Amino acid sequence: QGMRSGSITPAWVPPIGALKDLIDYVDRTEMVILAGRPGEGKSSALRFDALETAKRGEHVTTFNLENDELEYAKFALAAEANVDSSKLKNPRQLSNTEADRILEAKERLNGIPWKVITLSSPKVGKIINLARKSVAENHSKLIQLDYLQLIRNSVGTNRVEDLAETTGLLRGAALKLKVPIIAACQLSRAIEYRGDVSPPQLSDLRESGSIEQDATQVWFIRSMWHNPPNPAEVAGTRFPENFDRGGSILPAIRAIPVQIHVRKNRNGPIGKTTPIKWRKDIGVFQSLRPGDIQ
């Protein structure tokens, strides 16, 4: 009744429309796994979710275990200004118009409620303590972790047991803090042996077992193209970002179609989303309309 009247709102609504259409929302005590192979967009999807959520005024805390903090700032500016992120490495490549858009984006993003905490091979207890503090002080509405396998709890412990400790404590933290936790996760190489575009399975979770058991939802992000894309795949789409002015395919593909496969959802439907365009050059995810991809 509260949901219908609006007096109770969902804990977190995915900014990617295609995913929202499939799962609707994520509840406040859920632990979600977002899995993918390297380069398939799992970290980019986390960043996009964080940025768009923070722009809605909802505080996000992201635990960064892998990247330079500056990468998050570059991503946010590139996404907001619609400027190729590679140009931010050498600002002299920017046109005057792009430079102006970057400055305007900086002003719009100034003060958005997104906190990035960088840690190196932390124990899960430290992450939970910092998450608890962020929820208490900043009223965080979403906790992100990039990524699960970089947590190290006990030296010399079997990795499967170590990961089981991590996922069990993270699940407990979501229940106690009443804030959803989304953790990126690597896939095993088993999926590669089945082919580039093979659908993912729960058993593909690297060092799985406890991951599948403790998560309330498990999502896989997968490219709809082979890796690397072949010319026929690229030519068969309507992604103008992948073509030069003469109509030739660019050597570095800027946009690819992906889908998010929901393989576990304790309180809702499973399945796969409609196609989503991942703008690799600016880190943005856009739900596609019928006819945007052949």
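For every chain, the first residue of the written sequence is number 1, and numbering continues from 1 along that sequence. Local features in this predicted model are restricted to residues of pLDDT 70 or higher, and side-chain atom pairs are both shown and tallied only at a pLDDT of 80 or more, whereas totals for entire chains, interfaces and linings draw on every residue. Based on all heavy atoms of the structure, the side-chain values leave hydrogens and waters out of the count.

*Asks:* So what's going on with the nonpolar core? Which residues, and what values?
*Replies:* Residues enter a nonpolar core if they are buried and are Ala, Val, Leu, Ile, Met, Phe, Trp, Tyr or Cys, with the set joined through side-chain atoms within 4.5 Å. Residue burial is assigned from relative accessible area. The probe radius is 1.4 Å, only protein chains are included, and a residue is buried under 20% of its type maximum, exposed over 50%, and partly exposed in between. W114, I182, W219 and F285 are the most contacted members of the largest nonpolar core, which totals 42 residues. Strands here are runs of E lasting at least two residues and helices are runs of H or I lasting at least four, both read from the DSSP assignment and numbered beginning at the N terminus. Take this core: its biggest share by element is 6 residues, from helix α3 (residues 42–55). In this analysis, two residues are considered to be in contact whenever any of their non-hydrogen atoms come within 4.5 Å of each other. In this structure I182 touches W12, V32, L34, L46, L142, I143, Q144, L145 and W219, once residues within four positions along its chain are discounted. M31, A35, I117 and L148 belong to the second-largest nonpolar core, a separate cluster that totals 33 residues.

*Asks:* Could you give an account of α3, with specific residues and numbers?
*Replies:* The terminal C-alpha atoms of α3 lie 20 Å apart, and with 14 residues this matches the ideal 20 Å at 1.5 Å per residue to within 8%. The element α3 is largely enclosed, with a buried count of 11 among its 14 residues. Taken as a whole, α3 has its buried residues at K42, S43, A45, L46, R47, F48, D49, A50, L51, T53 and A54. Multiplying 1.5 Å by the helix residue count minus one yields the expected span of that helix.

*Asks:* So what's going on with unusual backbone geometry? Residues and values would help.
*Replies:* The amide bond that connects D146 to the next residue, Y147, takes the cis arrangement and shows omega of 5 degrees. By secondary structure assignment, the location of Y147 is in the loop between β4 (142–146) and α7 (159–177). One non-glycine residue, S121, adopts positive backbone phi at about 45 degrees. Looking at where S121 falls in the secondary structure, it is placed in the loop between β3 (114–118) and α6 (124–138). Residue classification places S121 among the partly exposed residues on the basis of a relative accessible area of 45%.

*Asks:* Can you tell me about the environment of I211, naming the residues and giving the values?
*Replies:* You can see I211 is positioned in helix α9 (residues 210–214). Taking the relative accessible area as the measure of exposure, I211 reaches 0% and is therefore buried. Sequence separation between I211 and V160 is 51 residues, and the spatial gap between their C-alpha atoms is 9.8 Å.

*Asks:* Which residues make up the pattern of salt bridges, and what values do they have?
*Replies:* One side-chain nitrogen of Lys or Arg within 4 Å of one carboxyl oxygen of Asp or Glu is enough to make a salt bridge. Counted according to the given criterion, the structure contains 9 salt bridges. Between E40 and R222 there is a salt bridge, with its nearest N and O atoms 2.7 Å apart. With E40 in the loop between β1 (31–36) and α3 and R222 in strand β6 (residues 217–223), the pair connects residues that are 182 residues apart, well separated along the chain. For the pair shown, E40 and R222 are each scored as buried. For the salt bridge of E98 with K87, the shortest nitrogen-to-oxygen distance reads 2.9 Å. On the criterion of sequence distance, the pair formed by E98 in helix α5 (residues 96–109) and K87 in the loop between α4 (69–81) and α5 is long-range, its members being 11 residues apart. Of the residues examined, K87 reaches a relative accessible area of 22% and is grouped as partly exposed.

*Asks:* Lay out the pairing of strand β9 (residues 276–279) with the relevant residues and their values.
*Replies:* Side-chain direction in a regular strand flips from residue to residue, so the side chains alternate between the two faces of the sheet. Burial along β9 is two-sided: the face carrying I276 and W278 and the face carrying K277 and R279 are both buried. In this analysis, strands are considered paired if DSSP registers two or more bridges between them. As paired elements, strand β7 (residues 255–265) and β9 share 4 bridges and run antiparallel to each other. Bridge pairing in β9 links A255 to R279. Pairing analysis gives 4 bridges linking β9 to strand β10 (residues 284–287), with the strands arranged antiparallel. Looking at β10, one finds that I276 is bridged to S287. The antiparallel pairing of β9 with β10 creates a hairpin that spans 4 residues between the two strands, and G283 there sits at a positive phi of about 80 degrees.

In short, shape yes, function no, at least from these values alone.
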